[in-house]
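Summary of structural features
Now for the letters of each chain:
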Amino acid sequence: MSTFGEILRTAGNYLKQHAIADADVDAWYLLVHVFGINRADFYLHRDEEAPKIQEEAYMELVEQRAKHIPLQLITGTQEFMGLEFDVTSDVLIPRQDTEVLVEEVLKVCNQTSVLDMCTGSGCIIISLAKLGNIRKAVGADLSDKALKIAEKNAGKHNIKVEFIRSNLFEKIEGVYDIVVSNPPYIPSGEIKGLMPEVRDHEPIMALDGDQDGLAFYRRIAEEGKDHLKENGTIFFEIGYNQAQDVKKILQNAGFGDIKIRKDLSGLDRVVSGRRL
Ligand code: GLN
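**Let's talk about the overall build of the chain**
Secondary structure assignment for the chain yields eleven helices and nine strands. Computed over its C-alpha atoms, the radius of gyration of the chain comes to 21 Å, within 12% of the 19 Å expected for a compact globule of 276 residues. Projected onto its principal axes, the C-alpha positions of the chain cover 70 × 40 × 35 Å. Split into buried and exposed, the 276 residues of the chain put 52% on the buried side. Per element, the accessible surface of the chain, about 13500 Å² overall, is 48% carbon and sulfur. When the 33 positive and 44 negative side-chain charges of the chain are each reduced to one mean point, those points stand 5 Å apart.

Take a look at the structure:
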């Protein structure tokens, strides 16, 4: 039998031995997940013995994390824009970096129609519809499995989004005020060097941006132009070193007023352009 304090310490050390980056933090979140406790409960009860069955359940999850399964795939959720999203190995886990993209789009939402290309978990379009003044919200993805998660997430937040299974714009009709996308943008050759959490557990189709990482920007800029109203805006999330390349891609596709914004770490993260 061990106390709450002991099992948390044991778990943190175990994760450290397995080279988990934020070992203590992850041990804590798993404790919250299994025991449903908060900080105050923990400090009040840390010298009490934890129920054996839950302790075993907890250690099983810690074992999974030690195998580099992402925390979010163990708990099944990730917070994004203050909202909770269900996640599975069929979708990219929402990243904090992507919140900058959502914030940029929110600034210009005013009874707006928005298409989210490569919607994945739906985190972008659902947060926009929940927090912004959106008239029509559509999310597109090639993956049926991803769309099922996205639909579930929209339901969870009581949001009306139309989800369409489409190979980029193939099945998309009509024109929008805004097209937003966080497409796969990692150069194929760099995938094998990613941390095991990402490389082995997140969907490769959500990561792989082909040889130079820019394939989706070219196609979405080119095809997206025909689905934007005149003066409509396209917003892309980009990799930290892709701003100039994506700017050129947008210019070549006939976009103007190109703007680049940084994320909270000071890295280029969002590029937008206006359809002239
Ligand atoms: N739009 C989703 C997100 O930002 C998925 C992105 C992707 O699959 N590349 O999380």
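**Observations concerning the nonpolar core**
Core analysis: the largest hydrophobic core is formed by 33 residues, its most contacted members being Leu115, Met117 and Leu250. Setting aside its immediate chain neighbours within four residues, Leu115 contacts Val138, Ala140, Phe169, Ile172, Tyr176, Ile178, Val179 and Val180. Membership of the second largest hydrophobic core comes to 27 residues, among which are Ile124, Leu128, Ile134 and Val270.

**Description of the packing of helix H1 (residues 4-17) against helix H2 (residues 23-35)**
H2 packs onto H1 with a crossing angle of 135 degrees between their chain directions and a minimal axis gap of 8 Å. Relative to H2, the element H1 is oriented oblique. The way H1 lies across H2 gives a crossing that is right-handed. Along its contact with H1, which presents Phe4, Ile7, Leu8, Ala11, Gly12, Leu15 and Lys16, the element H2 presents Ala23, Asp24, Asp26, Ala27, Trp28, Leu31 and Phe35.

**Let's talk about the pattern of salt bridges**
Per the stated rule, a full pass over the model turns up 20 salt bridges. Of the charged contacts, one joins Arg261 and Glu104 as a salt bridge, the two residues approaching to 2.9 Å between their closest N and O atoms. Remark: Glu104 occurs in helix H6 (residues 98-107) and Arg261 occurs in strand S8 (residues 255-262); sequence separation between them is 157 residues. Here Arg135 makes a salt bridge to Asp177, at a shortest N to O gap of 3.7 Å.

**With respect to the state of the cysteines**
Taken as a whole and judged by the stated rule, the model has zero disulfides. A disulfide-free cysteine, Cys109 has its sulfur positioned 15 Å from the sulfur of Cys123, the nearest such atom. Of all cysteine sulfurs in the structure, the one in Cys118 sits closest to Cys123, which takes part in no disulfide; the separation is 12 Å. The exposure class of Cys123 is buried, given its relative accessible area of 8%.

**Some remarks on the site of the ligand**
Residues in contact with the ligand, as listed here, are Leu92, Thr98, Cys118, Thr119, Gly120, Cys123, Ile124, Asn182, Pro183, Pro184 and Ala206. Between a nitrogen atom of the ligand and a main-chain N or O atom of Cys118, the distance comes to 2.9 Å. In this structure, Ala206 approaches the ligand through a main-chain N or O atom, which is 3.0 Å from a nitrogen atom. Contact with the protein chains covers 97% of the free accessible surface of the ligand, which is 290 Å². Here the shell around the ligand is built from residues that sort into seven nonpolar, four polar and no charged.

**As for a negative patch on the surface**
Side chains of Glu6, Asp47, Glu48 and Glu49 sit close together on the surface and give a patch of like negative charge. Position of Glu48 relative to the elements: it lies in the loop between helix H3 (39-45) and helix H4 (52-66). Judged by its relative accessible area of 39%, Glu48 is partly exposed.

**Some remarks on H2**
Relative to the 18 Å expected for 13 residues at 1.5 Å per residue, H2 spans 18 Å between its end C-alpha atoms, a close match to the ideal helical length. Buried within H2 are the following residues: Ala23, Asp26, Ala27, Trp28, Leu30, Leu31, Val34 and Phe35. Next to the buried residues of H2 lie H1, H3, H4 and helix H5 (71-75). Once H2 ends, the next one or two residues include Gly36, with phi positive near 60 degrees.

**A word on the sheet that holds strand S7 (residues 228-237)**
The sheet built from seven strands is open, its strands ordered S5-S4-S3-S6-S7-S9-S8 with mixed pairing. In the strand order of this sheet, the two ends are held by strand S5 (162-165) and S8, each with one partner. The sheet shows a mean angle of 20 degrees between the axes of neighbouring strands, direction not considered. As defined by bridge partners, S8 adjoins strand S9 (residues 268-275) across six bridges and the pair is classed as antiparallel. Directly across from Ile260, in S9, lies its bridge partner Val271. Strands strand S3 (112-117), strand S4 (134-141), S5 and strand S6 (176-181) of the sheet are contacted by helix H7 (residues 123-131), whose axis makes an angle of about 170 degrees with S4.

**Here's the deal with the packing of aromatic side chains**
Tallied over the full model, the rule gives seven aromatic pairs. Between Phe4 and Phe35, the aromatic rings sit 5.1 Å apart at their centres with planes inclined by 80 degrees, giving edge-to-face as the arrangement. Of this pair, Phe4 sits in helix H1 while Phe35 sits in helix H2, placing them 31 residues apart in sequence. Across the pair, Phe35 and Phe4 agree in class, each one buried. Between Phe80 and Phe85 the ring centres are 6.1 Å apart and the planes differ by 70 degrees, which places this aromatic pair in the edge-to-face class.

Cut-offs and rules
- Here the residue numbering is sequential within each chain, running from 1 through the sequence in written order.
- pLDDT decides what is reported in this predicted model: residues at 70 or higher carry local features, side-chain atom pairs at 80 or more are listed and counted, and totals for whole chains, interfaces and linings draw on all residues regardless.
- Based on all heavy atoms of the structure, the side-chain values leave hydrogens and waters out of the count.
- Comment: elements are numbered from the N terminus, with helices defined as DSSP H or I runs of at least four residues and strands as E runs of at least two.
- We compute the radius of gyration over the C-alpha atoms and compare it with the globule rule, which gives 2.2 Å times the number of residues raised to the power 0.38.
- A 1.4 Å probe rolled over the protein chains alone gives each residue an accessible area, and that area as a share of the maximum for its type sets the label: buried under 20%, exposed over 50%, partly exposed in between.
- Residue burial considers only the protein chains on display, and all accessible areas are found by Shrake-Rupley using a 1.4 Å probe.
- For the purpose of charge, His is not counted, nor are the chain termini; Lys and Arg are scored as positive and Asp and Glu as negative.
- Where a charge lies is defined by one atom per residue type: Lys uses NZ, Arg uses CZ, Asp uses CG and Glu uses CD.
- By nonpolar core we mean a set of buried residues, namely Ala, Val, Leu, Ile, Met, Phe, Trp, Tyr and Cys, connected to one another through side-chain atoms within 4.5 Å.
- The contact criterion used is simple: two residues touch if any of their non-hydrogen atoms lie within 4.5 Å.
- Angles run from 0 to 180 degrees between N-to-C directions of axes, and those axes are lines fitted to C-alpha atoms, restricted for helices to the stretch in contact.
- For classification purposes, angles smaller than 35 degrees are called roughly parallel, those larger than 145 roughly antiparallel, those between 65 and 115 roughly perpendicular, and all remaining angles oblique.
- By convention, the crossing between two helices is left-handed when the near helix turns anticlockwise from the far helix through less than a right angle, and right-handed when the turn is clockwise.
- Take a side-chain nitrogen of Lys or Arg and a carboxyl oxygen of Asp or Glu: if they are within 4 Å of each other, that pair is a salt bridge.
- In what follows, a disulfide is any cysteine sulfur pair within 2.5 Å.
- Only heavy atoms are used to decide nearness, and a residue is near a molecule or strand if one of them lies within 4 Å of it.
- Any pair of N or O atoms that falls within 3.5 Å is considered a polar contact. Within protein, one atom must be able to donate a hydrogen and the other to accept it, and sequence-neighbouring residues count only if both atoms are side-chain atoms.
- Throughout this entry, Asp, Glu, Lys and Arg are counted as charged residues, while Ala, Val, Leu, Ile, Met, Phe, Trp, Tyr, Cys and Pro are counted as nonpolar. The remaining residues, Gly among them, count as polar.
- Excluding any residue in a salt bridge, patches collect residues exceeding 30% relative accessible area, merging like charges within 9 Å and nonpolar Val, Leu, Ile, Met, Phe, Trp and Tyr side chains within 5 Å.
- Helix span is expected to be 1.5 Å times the residue number reduced by one.
- In this description, strands pair whenever DSSP reports at least two bridges between them.
- Only centres within 6.5 Å qualify two rings of Phe, Tyr or Trp (six-membered ring in Trp) as a pair; their planes then separate them into stacked at under 30 degrees, edge-to-face at over 60, and tilted for everything else.

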